[in-house]
Amino acid sequence: MKNLYELTKLSDNDFLSFLYSERGRQESKSGAPGWSFWALTGSAFALILFVYTTLKTIDNVNLLLCYYIFTVFCPIALYIIFLAELIRMVIYGDSVHVERLKNIAPMTLLLCLMGIYSSLTILGIVVGAATESIVRCVAVLVPLVMSFISIIIYRNKLVTTFLTFRVSALDWINKLLMFLVGGTLLLPLFGGLKHLTFGFSDEFEITFAIVVLMAIIYMLIRNKVNGNRVTDVDELIDGFLYRDWTRKMIVRKLELMRLGKSPFMELEKEYNKIVVASGLIENTKKRAKEITDKIQKQGLKEDELDGLLNEIKGMSDSMTLVLNSQTDFHERAKELINLKSTLGDSEFRAMLDTAYDLNFVNQVFGNCHSLMDMVNQNIVPKIDEYIKKVKEENAFLKKC
């Protein structure tokens, strides 16, 4: 991350050259042999055509045999995809940056797995498969559904992006569920093997083609969900050239795209609220002093009463804002600090040092205390006294 911020010191030409080289790198990765969008689409089309042609040339298909073949080879393909996703997300993780669980959880993979094993369960019942095979498919669904529920429950919790293959904000739950998912994915394979005699039949060719087709469709869906990183870098280049985006702003966006939010970014909004609230309370205190001095020198006038009452309400709102901003900052900071590795962000540590500095805190709450004293001792009693006086005068006029 330190090297990333060194980019802000580059000249405009060098910085633009870096962005173009990054764009070229992403374009090269996305166009790698066998993994590009068009290569995957072409492969999917060829497999669909193969299945269609094969089905036209045979009189009838043994659906039960196809089902057992599918339960043998599909879990193997899904297990390979599961391991590949797990390894990929560990390699590109980061222990300092953070994200909400809902933003990094492997929802695409979980939904695909749940859809496939739910279909296997239903198809097993329809074609009359052995009870054991159906039960094994249901057994796989249990940890998948539990993982999905866990994501829903902890969706707004902060987690580090070191291990982005997460289904829970709690490490022990995440490890348990991943162990159960990985341990059960291959269960239908062992049930299907008992009912298979291997050979290159028409059913084998059709079913194996469908298994590969499903793997390709998953990769297409994943690439679509993950977005186009080349387009993302194009947006940064356009921002630098045409929208007056600063180098620091672009580096921040690049960091966010690649690594996730730094703890500083996650807490920046709450920190700014504290700064704004502290400045507001100081200005409000000055205004309260002006009102106090004016009342002491000139007294109160009827046409000023409504405006004065509104100002007192505004002063109360300012103190509420200070308290709320401090509470929000503390709660969010505590959540980030509990992740421990977030303290590796120097900007985050500097922010905490400032927000929790005793002189700063004492000054803010000292201003709040002084403001409350002025309002309660100097302004409110004068208003009450004035209102009482007006009521007495009105009562006297009525008697007259």
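Overview of the structure. (Residues numbered from 1 in each chain as written. Predicted model: local features only at pLDDT ≥ 70, side-chain atom pairs only at ≥ 80, totals over all residues. Heavy atoms only, no water.)

## Some points on the overall build of the protein
Then comes step 1: Looking only at helices and strands, the protein has 16 helices and two strands in total.
Then comes step 2: A buried classification covers 40% of the 400 residues belonging to the protein.
Then comes step 3: If you take every contact in the protein between residues at least 6 apart in sequence, the share linking residues at least 24 apart comes to 84%.
Then comes step 4: Carbon together with sulfur atoms contributes 60% to the accessible area of the protein, which is approximately 22900 Å² in total. (Helix = DSSP H or I, 4+ residues; strand = E, 2+ residues; numbered from the N terminus. Buried < 20%, exposed > 50% of the residue type's maximum accessible area, 1.4 Å probe, protein only. Contact = heavy atoms within 4.5 Å. Areas by Shrake-Rupley, 256 points an atom, 1.4 Å probe, with all protein chains shown as cover.)

## Considering the environment of A130
Then comes step 1: Relative to the elements of secondary structure, A130 occurs in the loop between α6 (107-127) and α7 (131-153).
Then comes step 2: Given a relative accessible area of 22%, A130 falls into the partly exposed group.
Then comes step 3: In this structure, the C-alpha to C-alpha distance between A130 and L64, residues 66 residues apart in sequence, is 9.7 Å.
Then comes step 4: Aside from chain neighbours lying at most four places away, what touches A130 is Y68 and H195.

## Quick look at the packing of aromatic side chains
Then comes step 1: Under the definition given, this model contains nine aromatic pairs.
Then comes step 2: With centroids separated by 5.8 Å and ring planes inclined at 70°, the aromatic side chains of Y67 and Y68 adopt a geometry described as edge-to-face. Note on accessibility: Y67 and Y68 belong to one class, buried.
Then comes step 3: Three or more aromatic residues joined by ring pairs make a cluster, and in this case those are F15, F18 and F240.
Then comes step 4: The ring of W245 carries K253 above its face, with NZ or CZ at 4.8 Å from the centroid. (Phe/Tyr/Trp six-rings, centres within 6.5 Å; stacked < 30°, edge-to-face > 60°. Lys NZ or Arg CZ within 6 Å of the ring centre and 35° of its normal.)

## What to know about the layout of surface pockets
Then comes step 1: The volume enclosed by the second largest pocket comes to roughly 330 Å³.
Then comes step 2: Looking at the second largest pocket, it is lined by 16 residues, and the ones nearest its centre are C66, Y67, F70, L123 and I210.
Then comes step 3: When residues of the lining of the second largest pocket are traced back to their parent elements, those giving at least two are α4 (63-91), α6 and α10 (202-226).
Then comes step 4: Broken down by element, the lining of the second largest pocket gets its largest block of residues, six residues, from α6. (1 Å grid on protein atoms, 1.4 Å probe; cavity = no way out; pocket = protein on both sides within 12 Å on 5 of 7 lines; lining within 4 Å. Points joined across faces, edges and corners; volume = space filled by probe spheres on them.)

## Comments concerning unusual backbone geometry
Then comes step 1: Positive phi is not limited to glycine here, since D244 has a value of about 60°.
Then comes step 2: Relative to the helices and strands, D244 resides in the loop between α11 (229-242) and α12 (247-259).

## Notes on the pattern of salt bridges
Then comes step 1: Tallying each qualifying case throughout the model produces nine salt bridges.
Then comes step 2: With a closest N to O distance of 3.9 Å, E347 and R252 form a salt bridge. You can see E347 sitting in helix α15 (residues 346-355) and its partner R252 sitting in helix α12, a full 95 residues away along the chain.
Then comes step 3: Of the charged contacts, one joins R332 and E266 as a salt bridge, the two residues approaching to 3.1 Å between their closest N and O atoms. Note that R332 is positioned in helix α14 (residues 305-337) and E266 in helix α13 (residues 263-298), a separation of 66 residues in sequence.
Then comes step 4: Salt bridges here are not isolated pairs; linked through shared partners, they connect R100, E266, E270, R332 and E335. (Salt bridge = Lys/Arg side-chain N within 4 Å of Asp/Glu carboxyl O.)

## Quick look at the side chain of S318
Then comes step 1: Among the secondary structure elements, S318 is positioned in helix α14.
Then comes step 2: Residue classification places S318 among the buried residues on the basis of a relative accessible area of 7%.
Then comes step 3: With residues near it in sequence (within four places) discarded, S318 still touches L280, I281 and T284.

## Quick look at the environment of V212
Then comes step 1: On the secondary structure map, V212 appears in helix α10.
Then comes step 2: Along the backbone, V212 and C74 are 138 residues apart, and their C-alpha atoms lie at a distance of 8.3 Å.

## Some words on the packing of α7 against helix α8 (residues 171-184)
Then comes step 1: Contact pair α7 / α8: the axes reach a minimum separation of 8 Å and the direction vectors enclose 150°. On the basis of their axis angle, the class for α7 and α8 is roughly antiparallel. α8 is crossed by α7, and the crossing has left-handed handedness. Across the interface between the two elements, A139, V140, P143, L144, M146, S147 and S150 from α7 touch I173, L177, M178, L180, V181 and T184 from α8.
Then comes step 2: Tallied by class, the residues present in the contact of α7 with α8 amount to 10 nonpolar, three polar and no charged. (Axes fitted to C-alpha atoms, helices over the stretch in contact; angles between N-to-C directions. Parallel < 35°, antiparallel > 145°, perpendicular 65-115°, else oblique. Left-handed = near helix turned anticlockwise from the far one by under 90°. Nonpolar A, V, L, I, M, F, W, Y, C, P; charged D, E, K, R; others polar.)

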